[in-house]
Amino acid sequence: MKLLVLNGPNLNFLGIREKGIYGTETYESLVSMMEDKARREGHELEVCQSNSEGDLIDKLQEAYHSGVEGIIINPGAFTHYSYAIRDALASLEIPKIEVHISNVHKREEFRHVSVTAPVCTGQIVGLGLLGYVLAMDYLTAPRN
Ligand code: DQA
């Protein structure tokens, strides 16, 4: 399968930012973990991160043109207010899993709302980096 992992703002700061919340693993280790898993399981994977809303939307539109078959997205803080990212996700009819490393429901109230989750297939929150692994397992599971 052809898969895309898309990470939003500040996720490149994993291992640096708020370690008590996001852990000590770096962004680079997340990328290698996902790339190794995809290679082992025979999938084609691109992993991207951007701090810019427009870049994330461009990447989602590019996914349409390049025939990506499944998306794992952590929109970071854009989750809570970006109708533009929501619209970009809504235009893609492929499976899309929203992942949050932290349990957003245990945190500030503004994090309890996701404007993007309703246009995704499902959401995984609070399981750390394992959430990305489980999302890939879902996307690549055999379907009838
Ligand atoms: C996050 C949760 C968001 O509220 C926050 O803005 C992030 C990371 C997570 O993975 O837990 O940047 O998406």
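Attention in this report is confined to the structure presented alongside it. For clarity, every value in this text was computed on a predicted model and none was experimentally measured.

Counting across every chain of the model gives one aromatic pair. Seen from their ring centres, F78 and Y81 are 5.8 Å apart, and the 65° between their planes marks the pair as edge-to-face. A cation over an aromatic ring shows up here: R143 above the ring of Y138, its NZ or CZ 4.7 Å from the ring centre.

A few words now on the site of the ligand. In the vicinity of the ligand, the contacting residues are P9, R17, Y22, N74, G76, A77, H80, H100, I101, S102, V104 and R111. At 2.8 Å, a side-chain N or O of N74 approaches an oxygen atom of the ligand. Take H80: an N or O atom from its side chain is 2.7 Å from an oxygen atom of the ligand. Here the ligand loses 98% of its free accessible area of 320 Å² to cover by the protein chains. Applying the majority rule of atoms within 2 Å of the grid points places the ligand in the largest pocket. Here the residues of the shell around the ligand sort into five nonpolar, five polar and two charged.

Our next topic: the sheet that holds strand β3 (residues 70–74). On the basis of which strands lie adjacent, the open sheet formed by five strands has the order β2-β1-β3-β4-β5 and parallel pairing. Edge strands, defined here as strands with exactly one partner in the open sheet, are β2 (44–49) and β5 (122–125). Ignoring which end each strand starts from, the neighbouring axes of this sheet average 15° apart. The pairing of strand β1 (residues 2–7) with β3 spans five bridges and is classified as parallel. Paired with N7 across the strands is N74, a residue of β3. Against the sheet, helix α3 (residues 53–66) engages β1, β2 and β3, with an angle of about 175° to β1.

Conventions we followed
Residues numbered from 1 in each chain as written. Predicted model: local features only at pLDDT ≥ 70, side-chain atom pairs only at ≥ 80, totals over all residues. Heavy atoms only, no water. Phe/Tyr/Trp six-rings, centres within 6.5 Å; stacked < 30°, edge-to-face > 60°. Lys NZ or Arg CZ within 6 Å of the ring centre and 35° of its normal. Near = heavy atom within 4 Å. Polar contact = N/O pair within 3.5 Å; in protein donor to acceptor, adjacent residues only side chain to side chain. Areas by Shrake-Rupley, 256 points an atom, 1.4 Å probe, with all protein chains shown as cover. 1 Å grid on protein atoms, 1.4 Å probe; cavity = no way out; pocket = protein on both sides within 12 Å on 5 of 7 lines; lining within 4 Å. Sits in = over half its atoms within 2 Å of the grid points. Nonpolar A, V, L, I, M, F, W, Y, C, P; charged D, E, K, R; others polar. Pairing = 2+ DSSP bridges. Helix = DSSP H or I, 4+ residues; strand = E, 2+ residues; numbered from the N terminus. Axes fitted to C-alpha atoms, helices over the stretch in contact; angles between N-to-C directions. Contact = heavy atoms within 4.5 Å.

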